[in-house]
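# Observations on the three-dimensional arrangement
The residues making up each chain are set out below.
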Protein chains: 2
Amino acid sequence: MTSRKVVSFENIKVACKNCSLATLCLPMGLTPDDVERLDSIIKRGRPYHRGDHLYRGGDKFHSLRVITSGSVKTYSPNEDGGEQVLGFHLPGELIGLDAIQDDCHTCSAIALETTAVCEIPFSQLESLSAIMPSLQHQMYRLLSREIGQDTEMLTLLGKKSAEERLATFLLSFSERFKQRGFSASDFFLSMSRHEIGNYLGLAVETVSRLFTRFQDENLLRVERKHVQLLDIPRLYDIVQGCDSAKSSQSRG
Amino acid sequence: MTSRKVVSFENIKVACKNCSLATLCLPMGLTPDDVERLDSIIKRGRPYHRGDHLYRGGDKFHSLRVITSGSVKTYSPNEDGGEQVLGFHLPGELIGLDAIQDDCHTCSAIALETTAVCEIPFSQLESLSAIMPSLQHQMYRLLSREIGQDTEMLTLLGKKSAEERLATFLLSFSERFKQRGFSASDFFLSMSRHEIGNYLGLAVETVSRLFTRFQDENLLRVERKHVQLLDIPRLYDIVQGCDSAKSSQSRG
DNA sequence: AAAACGACTTGATCAACATCAAGAATTTCT
DNA sequence: AGAAATTCTTGATGTTGATCAAGTCGTTTT
């Protein structure tokens, strides 16, 4: 009888209105009424474990997904067995947008740790957005944001040095953890060095060496997946490129 | 009096329904009625000349734009004076999607030659799409397609050799010219070597050397901006990466 | 037409990062 | 707990493509 009254952890946040991510996620900026309507089409399944696929390239597309806890890697398997890591996704982030185009996933998504997601059936979302201008607007914005992020990544891969790439990567996580209420300077990375390198267009060895070098330069402390950023301003200087980093070094 | 009856070239294709690009462009797949409604919000201005900006990073966003003739380069100016070329756009292609996110252009667009565009005021498009499910769907698909294209580009910049990059670049133009009813093997590139290099993450000199090498290998003939692809299958082999190109060479 | 400028090409050298190789630390399996 | 398998680190070497430098070609200016 008491057990009937126990509210499980999953049930507590089973609605958008109770979800701490609401300000980062699809409901962002919607009125409570609109959130309620959106909520009604969302499905919440049981968590994925490390290594489980949320979907694979080629799968028929039916739902967008929002990570609610844990983290996910998206990647596109390429002809010769290798893969291109496309992104690492944290709670509140929406994945699967690339699949709208022709109703078919073009990349794969895999859980990097125990991970929970909300599934949003796209056809229902589409119908809902047709009668909810605010939701339609939100969808356009999110799709546009994704494009913006991709173009930033193009600049990273096209023009930046290995050092700038890793600094950008670390600061991206720093900012995203901060947004989510976690420490901006002390966090765990859920992906391997190999995956970081793949994502940044670098060899594993280069990533490893850079971590060591950044540590030697007192920019951070790193032990395996645990990273502590010790000098965030200087990391930002590195991201800017070229000699501005040195001038800042002499400051300190 | 006769002059009144003369229909100018611009007027002939002043409506989507008469436009040869309709099958590549926003109206793609819409019913004639829907095309008519979409057409009613589209503005057609006078052409831009080489070097004219369609918009600049930081400009307030009001319209998406479709190239109707000519070609456009999009780029994002970066802090240190340089720029990252983000894309080259041909007739039928939609630009400005990145600006939806926060009502502000994040990159600049410049005409590479005399270029005409259709302007689609976004707020009107948005309203229209709320009452035209087919248009809404089309918008979602186009935004999704853009994301897909960007992720392909990420793989190109993250993993491919200079040779693979240039071959991919050339075949992309080949395919796009073909779609538009032009020759897939004989065309003019409207951008400079410098711009190609910037786009592909390569130095000008590397691009130049590759053109020379491709010509020496009878893959193409090139003279300044004029390119003739002589062995498209082998170019595709190069795009695939690694040794498959050699095996094909021995075929020929 | 001559001069000046910019785009492109070609060669020589250099540097950043990849690759190869081996060993250390961790995790997983039994 | 011990063995096997990963993951990560570090060092040595190699290669791709950048950079530097000079010259050619083409276009624009006067």
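Let me begin by describing the structure that accompanies this report. (Residues numbered from 1 in each chain as written. Chains lettered and ligands numbered in written order. Predicted model: local features only at pLDDT ≥ 70, side-chain atom pairs only at ≥ 80, totals over all residues. Heavy atoms only, no water.)

### Some remarks on the nonpolar core
- Membership of the largest hydrophobic core comes to 68 residues, with the highest contact counts inside it found for Phe 169, Leu 170, Leu 189 and Phe 211 of chain A together with Phe 169, Leu 170 and Leu 189 of chain B.
- Excluding its chain neighbours within four sequence positions, the residues that come into contact with Leu 189 of chain B are Phe 169, Leu 170, Phe 173, Ile 196, Phe 211, Lys 225 and Val 227 of chain B.
- With 54 residues, the next largest nonpolar core counts Val 35, Ile 41 and Phe 61 of chain A together with Phe 61 of chain B among its residues. (Core = buried A, V, L, I, M, F, W, Y, C linked by side-chain atoms within 4.5 Å. Buried < 20%, exposed > 50% of the residue type's maximum accessible area, 1.4 Å probe, protein only. Contact = heavy atoms within 4.5 Å.)

### Describing the protein's contact with DNA strand C
- Taken together, 18 residues lie around DNA strand C, and Ala 162 and Thr 206 of chain A together with Ser 208, Arg 209 and Thr 212 of chain B are the ones closest in.
- Each atom of DNA strand C within 4 Å of the protein belongs either to a base or to sugar and phosphate, the latter forming 65%.
- Between a phosphate oxygen of DNA strand C and a main-chain N or O atom of Gly 201 of chain A, the distance comes to 3.3 Å.
- Here a base nitrogen of DNA strand C sits 3.0 Å away from a polar atom, N or O, in the side chain of Glu 205 of chain A.
- Elements that contribute at least two residues to the surface near DNA strand C include exactly helix 8 (204–216) of chain A together with helix 7 (193–200) and helix 8 (204–216) of chain B.
- Among the elements that take part in the surface near DNA strand C, helix 8 of chain B stands out by supplying four residues, more than any other.
- Looking at side-chain class alone, the surface near DNA strand C contains three nonpolar, seven polar and eight charged residues. (Near = heavy atom within 4 Å. Polar contact = N/O pair within 3.5 Å; in protein donor to acceptor, adjacent residues only side chain to side chain. Helix = DSSP H or I, 4+ residues; strand = E, 2+ residues; numbered from the N terminus. Nonpolar A, V, L, I, M, F, W, Y, C, P; charged D, E, K, R; others polar.)

### A short note on the environment of Val 204 of chain B
Residues and elements named next belong to chain B.
- Along the chain, the position of Val 204 falls in helix 8.
- A relative accessible area of 31% means that Val 204 is categorised as partly exposed.
- With eleven residues separating them along the chain, Val 204 and Arg 193 place their C-alpha atoms 5.8 Å apart.
- Look past the residues within four positions of Val 204 in its chain and what remains in contact with it is Arg 193 and His 194.

### Some remarks on the side chain of Glu 195 of chain B
Residues and elements named next belong to chain B.
- Mapped onto the elements of the fold, Glu 195 is located in helix 7.
- The class for Glu 195 is buried, based on a relative accessible area of 14%.
- Residues in contact with Glu 195, not counting those within four places in the same chain, are Lys 73, Val 85, Phe 88 and Leu 112.

### As for the relation of the copies chain A and chain B
- With an RMSD of 0.0 Å, the fit of chain A onto chain B corresponds to turning through 180° and sliding 0.0 Å along the axis. Both copies of the chain, as the preceding transformation shows, are related through a two-fold rotation axis. The rotation axis passes nearest to the C-alpha of Ala 130 of chain A in chain A, at a distance of 2.4 Å.
- Of the interface residues in chain A, 100% have counterparts in chain B that sit at the interface too, so the contact is made through matching surfaces. (Least-squares fit on C-alpha atoms with pLDDT ≥ 70 in both.)

### Structural notes on the pairing of strand 7 (residues 108–111) of chain A
Residues and elements named next belong to chain A.
- Burial along strand 7 is two-sided: the residues Ser 108 and Ile 110 and Ala 109 and Ala 111 are all buried.
- Direction of pairing for strand 2 (residues 53–55) relative to strand 7: antiparallel, over a ladder of two bridges. Across the sheet, residue His 53 finds its bridge partner in strand 7, namely Ile 110.
- Note: strand 4 (residues 72–77) against strand 7, four bridges, orientation antiparallel. When the bridges of strand 7 are listed, Tyr 75 appears paired with Ser 108. (Pairing = 2+ DSSP bridges.)

### Considerations on the interface of chain A and chain B
- In this complex, chain A contributes 36 residues to the contact, which on the side of chain B involves 36 residues.
- Between chain A and chain B, roughly 3,700 Å² of surface is buried when both sides are summed, and carbon and sulfur atoms account for 57% of that area.
- Linking chain A with chain B are zero salt bridges, by the criterion used here.
- Counting only elements with at least two residues in the side of chain A that touches chain B, the list comes to strand 5 (83–89), helix 4 (122–131) and helix 5 (133–159) of chain A.
- Element by element, the count of residues in the side of chain A that touches chain B is highest for helix 5 of chain A, at 18 residues.
- In terms of residue class, the side of chain A that touches chain B is made up of 13 nonpolar, 13 polar and ten charged. (Buried area = accessible area lost by both parts, 1.4 Å probe. Salt bridge = Lys/Arg side-chain N within 4 Å of Asp/Glu carboxyl O.)

### Considerations on the sheet that holds strand 9 (residues 186–188) of chain B
Residues and elements named next belong to chain B.
- Strand order in the open sheet made by the three strands is 9-11-10, with antiparallel pairing throughout. Because the sheet does not close on itself, it has two edges, and the strands there are strand 9 and strand 10 (220–223). Here the average twist between neighbouring strands, direction ignored, is 15°.
- Pairing of strand 9 with strand 11 (residues 226–229) involves three bridges; the strand directions are antiparallel. Bridged to Phe 187 within strand 11 is Val 227. (Axes fitted to C-alpha atoms, helices over the stretch in contact; angles between N-to-C directions.)

### Regarding the protein's contact with DNA strand D
- Inspection of the region around DNA strand D gives 17 residues, with Ser 208, Arg 209 and Thr 212 of chain A together with Ala 162 and Thr 206 of chain B positioned closest.
- The sugar-phosphate share of atoms of DNA strand D within 4 Å of the protein amounts to 62%.
- With respect to DNA strand D, the side chain of Thr 212 of chain A contributes an N or O atom lying 2.6 Å from a phosphate oxygen.
- Backbone polar atom of Ala 162 of chain B to a phosphate oxygen of DNA strand D: 2.7 Å apart, as the coordinates give it.
- When residues of the surface near DNA strand D are traced back to their parent elements, those giving at least two are helix 7 (193–200) and helix 8 of chain A together with helix 8 of chain B.
- Looking at the surface near DNA strand D, the element that brings in the most residues is helix 8 of chain A, giving four residues.
- Taken together, the residues of the surface near DNA strand D break down into three nonpolar, seven polar and seven charged.

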